[in-house]
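Secondary and tertiary structure notes
These are the residues of each chain, in order.
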Amino acid sequence: MFPEIGQFSLILSLFFALSLALVPLIGYWKGNRLLLETARPLTFIMSALVLVSFVILSLSFLTDDFSVLYVAQNSNSQLPVWYKFSALWGGHEGSLLLWVLILSGWCSAVALKIRTLPEDIGPVVLAVLGVVCVGFLSFLLFTSSPFARLLPDVPADGGDLNPLLQDFGLIVHPPVLYMGYVGFSVAFAFAVAALITGNLNASWARWARPWTAVSWAFLTLGITLGSWWAYYELGWGGWWFWDPVENASFMPWLAGTALLHSLAVTEKRGVFKSWTVLLAIFTFSLSLLGAFLVRSGVLTSVHSFAADPTRGIFILALLLVLVGGSLLLYAIRAAEVRSTVSFGVTGREAWLLLNNILLTVLTLTVLLGTLYPLIFDALGLGKISVGAPYFNSVFAPIALLLMVFMAVGPLSKWHHTKFRVFFKVCSISAFIATLSAGLVVYCYEFDFIAWLSLAVAFWVVFLSFSDWFGKVSAGTKGIIPRARQLPRNYYGMLLAHLGLVVTLVGIVLVSVNSHESMLRLSPGDRATVAGYEFQFDQMEQVKGPNYVASKGQFTAYKAGKAVAVLHPEKRFFSTRQQVMTEAALDAGFTRDLYVSLGERLEGSAWGVRIYVKSFVRWIWLGGLMMMAGGLLAALDKRYRKRAGV
Amino acid sequence: MHPVRKKRLLVITAIVLILSAAVGLVMYALQQNINLFFSPSQIAMGEAPRNAIIRAGGMVVKGSVKRNSDTLAVAFDVTDFQHKVTIEYRGILPDLFREGQGIVAQGKLNNDGVFEATEVLAKHDEKYMPPEITEALKNAQRSTGESAESVQSTY
């Protein structure tokens, strides 16, 4: 009975989404206020209906209603209760429902804040979001309804959630990531609404900026969480694999980063308008492309949902309609929104333009590497995979170059910068940065790339602080009051830039100073890795809620003193007959100890991975800083004042 | 030159320079890092290059997994039910590596026709079959038609 209500409520919400997509637009063309004003109530009703179906599906999971096919496939009565809830988004259908729920949540948030916009633009923004909702709701209903029933033969128990997903990571990673992915549809809706109404001025950028910053912050956090999850859960200690699906989330992030920066220029200087609109469309398209890559099964990936060609075709059609439609609109209307203000080649605009070019190039190289196997296959040239070395060797130099300029941009003035002052500050910082990086690398092993990257890191840190110091020490007031006066926006940028530096330092030190060894060990054996001595103490059998495990105990010694006790596990899940590796970690600010069990070999011997990774936590610490920076920028007083009006 | 035009020229030159550098980098990196997939039949027929990094894969033949008793070295055969190729690997195999399961390995084919793997991948869901292997099996079936049943029975 309940699942049918859930289904029915989804169908109803599709109707409301259809009306939301049509009625306000008709109102806009006819100049009818009444029709325009339906946008908000329609949005709220649609969102409420989606929420109802989401709650019903969660109840089906929590009450073990295995008459629902999707529940039977992805849950089990023995599953701990929090995994029963998160199992909702463990498969294609449920995760799509989560996607739609988050999309409608964003719509409602826009509807709540809409009063700050001119009367006729707000409803058009909601209508565009309505079109996106129609697309995803019909995708959900027509190809992948989560409420399909298994009647009358209800299975006694469910097929269980994939053991890999029975983890804290699954609870947090998908919702946060989707918040980011889907959030970019708001920026998209603003862009398309601006094209429809022809109302593209600096205030447009001011509305779109906080929304973009918040989605960007969520996407940053989502990617960071994903990387951290993969590191401890997949059992082989990597933190980024250039897997197609990781790339699918990374491309919108890169494009979204470019969008954030070009929005800043558009807001402050009124230039790059049409480019910013195009970038908003691209960012959203890349989110859709990501959905297509993950859900169509065209690419080999660790995230692959079970493949179904009709789903792939549906998303491809959705992609073509939304992207094609908006690009067509862009082609027709963009000429009218061309910027009339000029900008100087020595000003900050030029640096931000360079930022945008480099980020776009980075996005394209990732896109090419991700799609290359598809292109190759379509041309009949054979089955290939593009390895991580491709991405590393293309991405690293361009990203480093970007970071060199990243430090310079904030230091320069809008429109025109005096070259001599600029040159003095930069050359001193460059000198100090190169020296200190050399010193650090000298203490470890010398490695050219590491030295270069660290020099860039120091360069950004020095220039950021000298910029901040220059700003607070100017004028007659004291340093602290001036520091307080600087906008949150500025501190957000500073924090995000420093976050990227922290991530860079983490990446560099992990790559040059990690010790990985795979060994054959029996209880009682000792092995030395990177100055740490690991003793394999014992092995025992333990029983979990829905698995049995072999649990090892390792003690790590440094200079004869025990520093950590680690318990790696090998779990066997009986429902799925599947084995899972649970790595044991001793996390630290400057190093991680990582032990994971391989297979059991003859006798009491086990294959064991032992890693000592330096500074790996910094990679995610930097991600958190970037997220905080994005949120701080979105909370700038400028935007809040508008909200109060 | 008109200052606006001069500015535009500067911007365009910068874009062209960066783009061409990026394209060069991409071409070079792609040339180095593309790994072609070969099925056991293709390897048996000598289509696969020796001593170049390639990918190979198929179903792990039952009873073919041999482990060294002192080290982590392991050898096993993979098949597309037409031909077999022996894969040697030193290290820890993934959790879903099992006899009868489809796997993909990356490495080099040595002069003895043995595939020396540096990486062995099995997917994270047991229902999931790497697309390369699905296709390799289909091709192998098509070429004779006889072994269709044996393929079916292995899953």
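Residues numbered from 1 in each chain as written. Chains lettered and ligands numbered in written order. Predicted model: local features only at pLDDT ≥ 70, side-chain atom pairs only at ≥ 80, totals over all residues. Heavy atoms only, no water.

Of the regular secondary structure elements, chain B holds four helices and seven strands. In chain B, the succession of α and β elements from N to C terminus is α-β-α-β-β-β-β-β-β-α-α. A total of 155 residues make up chain B; the buried ones form 43% of that total. Taking the contacts inside chain B whose residues are at least 6 apart along the sequence as the reference set, 55% of them involve residues at least 24 apart. As displayed, chain B offers around 8300 Å² of accessible surface, 53% of which is attributable to carbon and sulfur atoms. (Helix = DSSP H or I, 4+ residues; strand = E, 2+ residues; numbered from the N terminus. Buried < 20%, exposed > 50% of the residue type's maximum accessible area, 1.4 Å probe, protein only. Contact = heavy atoms within 4.5 Å. Areas by Shrake-Rupley, 256 points an atom, 1.4 Å probe, with all protein chains shown as cover.)

Quick look at the overall build of chain A now. Per the secondary structure count, chain A includes 20 helices and eleven strands. Against the compact-globule benchmark of 26 Å for 645 residues, chain A has a radius of gyration of 26 Å, which places it among compact chains. In terms of its C-alpha atoms, chain A occupies a principal-axis envelope of roughly 80 × 75 × 55 Å. Expressed as a percentage of the 645 residues in chain A, the buried residues total 59%. A fraction of 73% describes how many contacts in chain A between residues 6 or more apart in sequence connect residues 24 or more apart. Accessible surface, chain A: about 25800 Å² in total, of which carbon and sulfur atoms supply 68%. Considering chain A, the positive charge centre built from 46 side chains and the negative charge centre built from 34 side chains are found 16 Å apart. (Rg over C-alpha atoms; globule rule 2.2 N^0.38 Å. Lys, Arg positive; Asp, Glu negative; His and termini not counted. Charge placed at Lys NZ, Arg CZ, Asp CG, Glu CD.)

With that settled, consider the pairing of strand E2 (residues 53-60) of chain B. Regular strands place side chains that alternate from one sheet face to the opposite one. All names here are of chain B. The buried fraction of E2 is high, at seven of eight residues. Pairing between strand E1 (residues 34-38) and E2: two bridges, direction parallel. Note on E2: the bridge partner recorded for Phe37 is Arg55. The pairing of E2 with strand E6 (residues 102-109) spans seven bridges and is classified as antiparallel. (Pairing = 2+ DSSP bridges.)

What follows deals with a nonpolar patch on the surface. Residues and elements named next belong to chain A. Taken together, the side chains of Leu51, Val55, Leu59, Leu62, Val81, Trp82 and Phe85 present a nonpolar region at the surface, about 630 Å² in accessible area. Among the elements of the structure, helix H3 (39-62) and helix H5 (81-86) are those that each provide at least two residues to the nonpolar patch. Here the nonpolar patch gets four residues from one element, more than from any other, and that element is H3. Topologically, Trp82 is positioned in helix H5. (Patch = residues over 30% accessible without salt bridge, like charges linked within 9 Å, V, L, I, M, F, W, Y side chains within 5 Å. Salt bridge = Lys/Arg side-chain N within 4 Å of Asp/Glu carboxyl O.)

Okay, the confidence of the model for chain B next. Residues and elements named next belong to chain B. Mean pLDDT for chain B: 80, with 83% of residues reaching 70 or above. Low confidence marks residues 145-155, where pLDDT is under 50. Its contacts with residues over four positions away, or in another chain, come to twelve contacts. With pTM at 0.91, the complex prediction returns an ipTM value of 0.79. (pLDDT = per-residue confidence, 0-100.)

Bringing the domain arrangement of chain A into the picture now. On domain assignment, one finds that chain A holds domain 1 (1-166), domain 2 (172-337 + 353-386), domain 3 (391-513) and domain 4 (514-614). Taken over C-alpha atoms, the centre of domain 1 of chain A sits 44 Å from the centre of domain 3 of chain A. (Domains from an automatic or database assignment.)

Residues and elements named next belong to chain A. Grouped together as the largest cluster of nonpolar side chains are 155 residues, with contacts concentrated most on Val125, Phe136, Phe190 and Trp204. With sequence-adjacent residues up to four places away left out, Phe190 is seen in contact with Leu117, Val125, Trp204, Trp207, Ala208 and Trp211. Residues Ala433, Ala455, Val456 and Val508 belong to the second largest nonpolar core, which totals 29 residues. (Core = buried A, V, L, I, M, F, W, Y, C linked by side-chain atoms within 4.5 Å.)

On to the packing of helix H14 (residues 388-411) of chain A against helix H18 (residues 488-512) of chain A. Residues and elements named next belong to chain A. Contact geometry for H14 and H18: axes closest at 12 Å, N-to-C directions at 150°. In this view, H14 runs roughly antiparallel relative to H18, as classed from their interaxial angle. The handedness of the crossing between H14 and H18 is left-handed. Between H14 and H18, the residues in contact are Leu400, Met403, Met406 and Pro410 and Met493, His497, Leu500, Val501 and Leu504, respectively. Split into classes, the residues belonging to the contact of H14 with H18 amount to eight nonpolar, one polar and no charged. (Axes fitted to C-alpha atoms, helices over the stretch in contact; angles between N-to-C directions. Parallel < 35°, antiparallel > 145°, perpendicular 65-115°, else oblique. Left-handed = near helix turned anticlockwise from the far one by under 90°. Nonpolar A, V, L, I, M, F, W, Y, C, P; charged D, E, K, R; others polar.)

Counting residues at the interface gives 40 residues for chain B and 52 residues for chain A. Where chain B abuts chain A, roughly 4000 Å² becomes buried across the two surfaces, and 62% of that area is made up of carbon and sulfur atoms. For the pair chain B and chain A, the number of links is two salt bridges. Inspection of the region where chain B meets chain A yields twelve residue pairs in polar contact (both at pLDDT 80 or more). Mapped by element, the contributors of at least two residues to the side of chain B that touches chain A are helix H1 (3-33), E1 and helix H3 (131-144) of chain B. The element contributing the most residues to the side of chain B that touches chain A is H1 of chain B, with twelve residues. Partitioning the side of chain B that touches chain A into residue classes produces 20 nonpolar, eight polar and twelve charged. (Buried area = accessible area lost by both parts, 1.4 Å probe. Polar contact = N/O pair within 3.5 Å; in protein donor to acceptor, adjacent residues only side chain to side chain.)

Moving on, we get to the pattern of salt bridges. When the charged atoms of two side chains lie near each other, side chains of opposite charge can form a pair. Inspection of every chain in the model, using the stated rule, returns 17 salt bridges over all chains. With a shortest N-O distance of 2.6 Å, Asp95 of chain B and Lys570 of chain A are connected by a salt bridge. Taken together, the positions of Asp95 of chain B in the loop between strand E5 (84-90) and E6 and Lys570 of chain A in strand E7 (residues 569-573) put the pair across two chains. Each of the salt bridges in this network shares a partner with another, and the network as a whole consists of Arg206, Arg209 and Glu267 of chain A.

Moving on, we get to the pairing of strand E4 (residues 532-543) of chain A. Residues and elements named next belong to chain A. Here four bridges tie strand E3 (residues 526-529) to E4, and the two strands are oriented antiparallel to one another. Bridge pairing in E4 links Ala527 to Phe534. In textbook terms, the turn of a hairpin is the stretch between consecutive antiparallel strands, and for E3 and E4 this stretch comprises two residues, one of which, Ala530, has a positive phi near 50°. Between E4 and the antiparallel strand that follows it, strand E5 (residues 548-558), lie four residues.

Right, let's talk about the sheet that holds strand E9 (residues 584-586) of chain A for a bit. Residues and elements named next belong to chain A. Strand order in this open sheet of four strands is E2-E11-E10-E9, and the pairing throughout is antiparallel. Of all strands in the sheet, those bounded by a partner on one side alone are strand E2 (514-521) and E9. Ignoring which end each strand starts from, the neighbouring axes of this sheet average 15° apart. Strand direction decides the pairing type here: E2 and strand E11 (residues 606-614), joined by eight bridges, are antiparallel. Along E11, the bridge assignment pairs Ser517 with Ile610. Across the sheet, helix H9 (residues 202-233) touches E9, strand E10 (591-600) and E11, and the angle it forms with E10 is around 50°.

For the rest of this paragraph, the subject is the environment of Ala48 of chain B. Residues and elements named next belong to chain B. Its place among the elements puts Ala48 in the loop between helix H2 (40-44) and E2. Separated by 37 residues in the primary sequence, Ala48 and Val11 have C-alpha atoms spaced 47 Å apart. Ignoring anything within four residues of it in the chain, the contact list for Ala48 reads Phe38, Gln42, Ile43, Ile54 and Leu109.

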